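Spelled out from the first residue to the last, the chains are:
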Amino acid sequence: MSIETIAIIGPGNVGGDLGRTLARAGTKVVFGVRAGKDAPALTAGSEGRITTATPAEAARIADAIVLALPAAAVLDVARGLGDLAGKIVVDANNPLRIDRGPVWNPPPEGSLAQALAAALPGARVLKGWNTFGHEFHADPRTAAGPVTVPFAGDDAEAKLAVMELARKAGFAPVDCGPLRNASLLENLAVLWIHLAMAGGQGRAVAWQLIGRQ
Ligand SMILES: NC(=O)c1ccc[n+]([C@@H]2O[C@H](COP(=O)([O-])OP(=O)(O)OC[C@H]3O[C@@H](n4cnc5c(N)ncnc54)[C@H](OP(=O)(O)O)[C@@H]3O)[C@@H](O)[C@H]2O)c1
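Keep in mind that what you see is a predicted model, and the values were worked out from it rather than measured. (Residues numbered from 1 in each chain as written. Predicted model: local features only at pLDDT ≥ 70, side-chain atom pairs only at ≥ 80, totals over all residues.)

Caption draft 1: Quick peek at the overall build of the protein chain. On a plain count of helices and strands, the protein chain comes out with 8 helices and 12 strands. Relative to the globule expectation of 17 Å for 213 residues, the C-alpha radius of gyration of the protein chain, 16 Å, shows essentially globular dimensions. Seen through its principal axes, the protein chain has C-alpha atoms that stretch 40 × 40 × 35 Å. Counting across all 213 residues of the protein chain, residues that qualify as buried make up 46%. (Helix = DSSP H or I, 4+ residues; strand = E, 2+ residues; numbered from the N terminus. Rg over C-alpha atoms; globule rule 2.2 N^0.38 Å. Buried ≥ 20, exposed ≤ 12 C-beta atoms within 10 Å, placed from the backbone.)

The structure is reproduced here in structure tokens:
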């Protein structure tokens, strides 16, 4: 399977930057935008590769959907997108609270991605694009090569399709196994946030899997 159109629900730091990067690589991107937001600014300069729609309409017309929302809003917004059975849904969000630094704060299902899978019957849920700062969503290049993007999910075909999309857009995707491993990816993000903010490393650091196949 290949992904022709991807919906990005939440065109903020992560969603906006990722959407523009995917569009530059030739994927059709539709931003799911709440009423009253500045849609022209989102599509400027995209030569038609980026459009906007309501979140539910964006999800309806896309083959795959990236959720890039405040983590506390993810489940409610996702449930409001309509029937997502058969759609690929990528969870780029990190459920955390701040207590002198980031603390992982998952729902009872074990991770936000697993809670999404439980909330969206039939959706092909993946975790990914959550483990580095949005500056790398804007430009996946690093001095050591493309930034590594771990993906976890139970649907092998969906994971392959998203990884191919990511590779085309300049990322170095890595299959990190089943959706239960989403908890590891969420914790990798918590560690990145600690290092970048409390740990004094700054936002220009990223994880790199060396020696990868
Ligand atoms: N920032 C990072 O570097 C980074 C890196 C990796 C992962 N993440 C994760 O990515 C997610 C997004 O972070 P962000 O920094 O991109 O946040 P952000 O800049 O605040 O963007 C959030 C987006 O969600 C939209 N939104 C909020 N509530 C909504 C709703 N009820 N319905 C539809 N859209 C809604 C906002 O749209 P409006 O303009 O309408 O409010 C905005 O476009 C978070 O879960 C975060 O943990 C962030």
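Picking up after the structure, the text goes on.
Caption draft 2: The arrangement of the nonpolar core in detail. Counting residues in hydrophobic clusters, the biggest one holds 63 residues, and the most contacted among them are Ile65, Val66, Leu67, Val89, Val90, Leu116 and Val162. Once residues lying within four places of it in the same chain are set aside, the contact partners of valine 89 are Ile65, Leu67, Leu84, Leu116, Leu120, Ala123, Arg124 and Val125. (Core = buried A, V, L, I, M, F, W, Y, C linked by C-beta atoms within 7 Å. Contact = placed C-beta atoms within 7 Å.)

Caption draft 3: Seen up close, the pairing of strand 5 (residues 88-91). In strand 5, alternate side chains face the same way, and those of Ile88 and Val90 on one face and Val89 and Asp91 on the other are all buried. With helix 4 (residues 74-79) bridging strand 4 (residues 64-67) and its parallel neighbour strand 5, the resulting β-α-β unit is right-handed. Direction of pairing for strand 5 relative to strand 8 (residues 124-127): parallel, over a ladder of 4 bridges. Across the sheet, the residue bridging to valine 89 is valine 125, located in strand 8. (Right-handed = clockwise from strand over helix to strand, strands pointing away. Pairing = 2+ DSSP bridges.)

Caption draft 4: Structural view of the sheet that holds strand 8. The mixed open sheet is built from 8 strands, whose spatial order is 3-2-1-4-5-8-11-12. Strands with a single pairing partner mark the edges of an open sheet, and in this sheet they are strand 3 (50-53) and strand 12 (172-175). On average, adjacent strands in this sheet sit at an angle of 25 degrees to one another, irrespective of strand direction. (Axes fitted to C-alpha atoms, helices over the stretch in contact; angles between N-to-C directions.)

Caption draft 5: Region of interest: the site of the ligand. Contacts to the ligand come from 21 residues, most closely from Gly10, Gly12, Asn13, Asn93 and Asn94. Counting residues per element, the shell around the ligand draws most heavily on helix 1 (residues 13-24), at 3 residues. For the shell around the ligand, the residue count by class is 10 nonpolar, 9 polar and 2 charged. (Near = placed C-beta within 6 Å. Nonpolar A, V, L, I, M, F, W, Y, C, P; charged D, E, K, R; others polar.)

Caption draft 6: Geometry of the environment of glycine 16. In this structure, glycine 16 sits in helix 1. Placed 39 residues apart in sequence, glycine 16 and proline 55 show a C-alpha to C-alpha distance of 14 Å.

Caption draft 7: Seen up close, the environment of isoleucine 65. Turning to its location among the elements, isoleucine 65 is positioned in strand 4. Residues isoleucine 65 and alanine 7, spaced 58 residues apart in sequence, show a C-alpha to C-alpha distance of 4.6 Å. Once residues lying within four places of it in the same chain are set aside, the contact partners of isoleucine 65 are Ala7, Ile9, Ala59, Lys87, Ile88 and Val89.

Caption draft 8: Representation of the pairing of strand 11 (residues 148-153) within the structure. Across the 6 residues that make up strand 11, a large majority, 6, are buried. As defined by bridge partners, strand 8 adjoins strand 11 across 2 bridges and the pair is classed as antiparallel. Across the sheet, residue lysine 127 finds its bridge partner in strand 11, namely alanine 152. Between the parallel elements strand 11 and strand 12, the chain passes through helix 7 (residues 156-168) in a crossover that is right-handed.

What is shown is where atoms sit, not what they do.
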